[in-house]
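If you want the building blocks of each chain, they are given just below.
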2 protein chains.
Amino acid sequence: MRDILTSTPIESCPVRQILTDVGDKWSILILIALSGGPRRFSALRRDIPDISQKMLTQTLRKLERDGLVSREVTPSTPPRVDYDLTALGASLMHQITPLAGWAVRHLDEITAARRRFDWSSTSG
Amino acid sequence: MRDILTSTPIESCPVRQILTDVGDKWSILILIALSGGPRRFSALRRDIPDISQKMLTQTLRKLERDGLVSREVTPSTPPRVDYDLTALGASLMHQITPLAGWAVRHLDEITAARRRFDWSSTSG
DNA sequence: CGGTATCCTAGGGGATACTG
DNA sequence: CAGTATCCCCTAGGATACCG
């Protein structure tokens, strides 16, 4: 796998692309929220209480641009916008789920490692 | 899965933790390089040509702190430092590999979606 | 309701120089 | 060789205000 690094320009490493893409502050949270089914803008705001309106819009646009999320506008008054995972987005979440499982199983281990590291830096 | 969002404080969502952790500019690139076997500092610099010395050190420290990477110093002159994946790091990479496969298989699709999005934004 | 537009700041990350 | 230390820039992202 290491040859990915030399065989392709770094910028185009596919793993890196999706990890940095989905690794920003809000993307996965939105994707997780949408994995429960379609959701309106305001519903997403409630799902993720501490996201700002700006970042919700901005991140949704990015995910839409990537083809991971669909956006359907109903031009009523007041307007109504429904977001949903696309097939591509759903298939990505299918990959994320085992990773989520790993994270849950090993979070304690990571936390413990951090404590050890910080402790031995401080005192030893 | 959506209940992760409400059942726990957002900050502690485990998936988010590892994704933002490994989603920074250099982490996966280093982890990928190390998944080929142990590697010296200077070898990693060659593997990832455009990383700065500062960021290589800094990112390695973070990964070490997380318990994903081990660091072994041989105090010779000149000094020698070997980095390697820990068992935890290797098990993480085990989860990343299928994700990498997905990324490779669907990168074209994402790129196409972006072109469509950018095109329809520009022209109508 | 579902957005823009504007302003502003914390910190990620590069370049360069120095050290044991 | 494998790092610190310093400086400096740029952008992700928050707060606030306005709009159809």
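Below is a summary of the structure that appears in this document. (Residues numbered from 1 in each chain as written. Chains lettered and ligands numbered in written order. Predicted model: local features only at pLDDT ≥ 70, side-chain atom pairs only at ≥ 80, totals over all residues. Heavy atoms only, no water.)

### Structural notes on the relation of the copies chain B and chain A
One copy of the chain maps onto the second through a rotation about an axis and a displacement along it.
Thought 1: For the pair chain B and chain A, the superposition axis carries a translation of 0.0 Å, the fit reaches an RMSD of 0.0 Å, and the rotation angle comes to 180 degrees. Here the transformation between the copies is reduced to the relation of a two-fold axis. For chain B, the minimum C-alpha distance to the rotation axis belongs to Gly23 of chain B and amounts to 2.3 Å. (Least-squares fit on C-alpha atoms with pLDDT ≥ 70 in both.)

### What about empty space enclosed by the protein?
Thought 1: Inspection of the entire model under this criterion finds three cavities of 30 Å³ or more.
Thought 2: Each pocket or cavity is described by its volume, and for the largest cavity that value is around 70 Å³.
Thought 3: Of all the secondary structure elements, the ones that give two or more residues to the lining of the largest cavity are helix H2 (14-22) of chain A together with helix H6 (87-123) of chain B.
Thought 4: Tallied by class, the residues present in the lining of the largest cavity amount to seven nonpolar, one polar and two charged. (1 Å grid on protein atoms, 1.4 Å probe; cavity = no way out; pocket = protein on both sides within 12 Å on 5 of 7 lines; lining within 4 Å. Points joined across faces, edges and corners; volume = space filled by probe spheres on them. Helix = DSSP H or I, 4+ residues; strand = E, 2+ residues; numbered from the N terminus. Nonpolar A, V, L, I, M, F, W, Y, C, P; charged D, E, K, R; others polar.)

### Regarding the interface of chain B and chain A
Thought 1: Counting residues at the interface gives 59 residues for chain B and 59 residues for chain A.
Thought 2: Buried area between chain B and chain A, both sides added, is near 5400 Å², and the carbon and sulfur share of it is 70%.
Thought 3: Applying the counting rule to chain B against chain A returns five salt bridges.
Thought 4: In this structure, Asp118 of chain B engages Arg65 of chain A in a salt bridge whose closest nitrogen and oxygen atoms are separated by 2.4 Å.
Thought 5: Of all elements in the fold, only helix H2 (14-22), helix H3 (27-34), helix H5 (53-65) and H6 of chain B reach the threshold of two or more residues within the side of chain B that touches chain A.
Thought 6: Sort the elements by how many residues they give to the side of chain B that touches chain A and H6 of chain B lands first, with 20 residues. (Contact = heavy atoms within 4.5 Å. Buried area = accessible area lost by both parts, 1.4 Å probe. Salt bridge = Lys/Arg side-chain N within 4 Å of Asp/Glu carboxyl O.)

### Concerning the pattern of salt bridges
Thought 1: Taken as a whole and judged by the stated rule, the model has 13 salt bridges over all chains.
Thought 2: One salt bridge in this structure joins Arg114 of chain B and Asp66 of chain A, with 2.6 Å as the shortest N-O distance. In this pair, Arg114 of chain B is assigned in helix H6 and Asp66 of chain A in the loop between helix H5 (53-65) and strand E2 (69-74), connecting two distinct chains.
Thought 3: For Asp21 of chain B, the salt bridge identified is with Lys62 of chain B, shortest N-O distance 3.9 Å. Of the two residues, Asp21 of chain B is situated in helix H2 and Lys62 of chain B in helix H5; the sequence distance between them amounts to 41 residues.
Thought 4: Using a relative accessible area of 22% as the deciding quantity, one classes Lys62 of chain B as partly exposed. (Buried < 20%, exposed > 50% of the residue type's maximum accessible area, 1.4 Å probe, protein only.)

### A look at the protein's contact with DNA strand C
Thought 1: Taken together, 18 residues are adjacent to DNA strand C, and Gln53, Arg71 and Tyr83 of chain A together with Lys54 and Met55 of chain B come closest.
Thought 2: Those atoms of DNA strand C that come within 4 Å of the protein belong to sugar or phosphate at a rate of 58%.
Thought 3: One of the side-chain nitrogen or oxygen atoms of Lys25 of chain B is found 2.8 Å away from a phosphate oxygen of DNA strand C.
Thought 4: The separation between a phosphate oxygen of DNA strand C and a polar side-chain atom of Trp26 of chain B is 3.4 Å.
Thought 5: Those elements giving two or more residues to the surface near DNA strand C turn out to be helix H4 (41-47), H5 and strand E3 (80-85) of chain A together with H5 of chain B.
Thought 6: Each residue belonging to the surface near DNA strand C can be placed in one class, and the counts come to eight nonpolar, four polar and six charged. (Near = heavy atom within 4 Å. Polar contact = N/O pair within 3.5 Å; in protein donor to acceptor, adjacent residues only side chain to side chain.)

### Digging into the sheet that holds strand E2 (residues 69-74) of chain B
Residue and element names in this part refer to chain B.
Thought 1: In space, the three strands of this open sheet follow the order E1-E3-E2, with antiparallel pairing throughout. Here the strands that pair on one side only, and so sit at the sheet edges, are strand E1 (39-40) and E2.
Thought 2: Against the sheet, H3 touches E1, E2 and strand E3 (80-85), its axis set at about 95 degrees to E3.
Thought 3: In the packing of H5 onto the sheet, the strands contacted are E2 and E3, and the crossing angle to E2 comes to about 115 degrees. (Pairing = 2+ DSSP bridges. Axes fitted to C-alpha atoms, helices over the stretch in contact; angles between N-to-C directions.)

### Considerations on the protein's contact with DNA strand D
Thought 1: With respect to spatial proximity, 18 residues lie near DNA strand D, and among them Lys25 and Lys54 of chain A together with Gln53, Arg71 and Tyr83 of chain B are the closest.
Thought 2: The sugar-phosphate portion of DNA strand D accounts for 58% of its atoms within 4 Å of the protein, the bases making up the rest.
Thought 3: Between Arg71 of chain B and DNA strand D, the recorded distance is 2.5 Å, taken from a side-chain N or O atom to a phosphate oxygen.
Thought 4: Within the contact set of DNA strand D, a sugar or linking oxygen lies 3.4 Å away from a backbone nitrogen or oxygen of Pro79 of chain B.
Thought 5: If you list the elements that add at least two residues to the surface near DNA strand D, you get H5 of chain A together with helix H4 (41-47), H5 and E3 of chain B.

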